[in-house]
Structure formats: structure tokens, C-alpha cells
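A look at the structure
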Amino acid sequence: QVQLVESGGGLVQAGGSLRLSCAASGSIFRVITMGWQRQAPGNQRELVATIARDGSTNYANSVKGRFTISRDNAKNTVYLQLNSLKPEDTAVYYCWVVANYQNYWGQGKQVTVSS
């Protein structure tokens, strides 16, 4: 089994910054893709950013230039730096990891951006 523990998030004013972290642990043979998804009230869950093992990244258009995803392969940890936050970024953010060729999700962290 693989466990994901998220940290970070919280309440910030528009224009502010936050950082999310997610550490994977357990019986990990190989971590392939890591990423973040988010879900706002009344909306479907959407992909925010992904990072492959080689460091290549992809971002949703809505966060390009504002969010930065990174990972530490030695620690099986993925990070999401959220800058220039907007009220529409308010959502529960979920860590997502493809490990041992299976999908795992974190418990979710609330990010609230006030106007």
C-alpha cells in the first residue's frame, strides 16, 4: 500500500502565495507521475499540474505562469507553489501519484483565497 500525506494550504488574500507538499510512503517500487488536482464546490475535479519522473511538467491553462510544480524523487515528494492567487483558485487540492502503476490520491487540502 501507498500512503500520501499532504501539508500546506490555508487562507490567503488575493495576490498571495501558498505552498502544498505531498509525501508518498509505504511499499513503493516506483513513482512515475506526480501531480495535483483540485475541486471547487459545485465543480468537477480538474487537473492542475503534473510532473513526470524526468521533471517534465504540464499545467492547466488557468494556472500557467502562476503555479509551479516540482518533485524530489529521493523523498517521493511533490510540491506545488501557488503564486498570484485568485479567488477562483479556491478549492480542495488533492495530491495525485502514480506509484507501482496504480493511482493514489491524498486526503485533500483546502485553499481559500479571499478577495
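Scroll up to find the structure.
Residues numbered from 1 in each chain as written. Predicted model: local features only at pLDDT ≥ 70, side-chain atom pairs only at ≥ 80, totals over all residues. Heavy atoms only, no water.

**Some points on the environment of R53**
This is how it is decided: Each helix is a run of H or I in the DSSP string that is no shorter than four residues. Each strand is a run of E no shorter than two, and both are numbered from the N terminus. Here the term buried applies to any residue with accessible area under 20% of the maximum for its type, exposed to any over 50%, and partly exposed to those in between, with areas from a 1.4 Å probe on protein chains only. Contacts are residue-level and defined by heavy atoms, with any inter-residue pair within 4.5 Å sufficient. Throughout this description, a polar contact denotes any pair of N or O atoms lying within 3.5 Å of each other; where both atoms belong to protein, one of them has to be capable of donating a hydrogen while the other can accept it, and for residues adjacent in sequence the pair is counted only when both atoms sit in side chains.
Residue placement: R53 occurs in the loop between strand 5 (46–51) and strand 6 (57–59). The exposure class assigned to R53 is partly exposed, which follows from its relative accessible area of 36%. Counting along the chain gives 13 residues from R53 to A40, while the straight-line C-alpha distance between them is 28 Å. Beyond its immediate sequence surroundings of up to four residues, R53 is in contact with R30, V31, I32, R71 and N73. From its side chain, R53 meets the backbone oxygen of V31 in a polar contact 3.0 Å long.

**So, the packing of aromatic side chains**
As a reminder of what qualifies: Note on ring pairs: Phe, Tyr and Trp rings are taken, using the six-membered ring of Trp, and paired if centres are within 6.5 Å. Classes follow the plane angle, with under 30 degrees stacked, over 60 edge-to-face and the rest tilted. Note on geometry: a ring has a charge over it if NZ (lysine) or CZ (arginine) is within 6 Å of the ring centre and within 35 degrees of the ring normal.
In total, this model carries zero aromatic pairs according to the counting rule given. If you follow R45 out to its NZ or CZ, it ends over the ring of Y94, 3.7 Å from the centre.

**Thoughts on the sheet that holds strand 8 (residues 77–82)**
What holds strands together in a sheet is hydrogen bonding between their backbones, with the strands either parallel or antiparallel. The condition is simple: Two strands are said to pair when DSSP picks up at least two bridges between them. Only the stretch in contact is used when fitting a helix axis, every axis being a line fitted to C-alpha atoms; angles between N-to-C directions are given from 0 to 180 degrees.
With antiparallel pairing, the four strands of this open sheet are ordered in space as 1-3-8-7. Two strands lie at the open edges of the sheet, namely strand 1 (2–8) and strand 7 (67–72), each paired on one side alone. Shown here is a sheet whose adjacent strand axes are inclined to one another by a mean of 15°, direction ignored. Here six bridges tie strand 7 to strand 8, and the two strands are oriented antiparallel to one another. Of the residues in strand 8, the one forming a bridge with D72 is T77.

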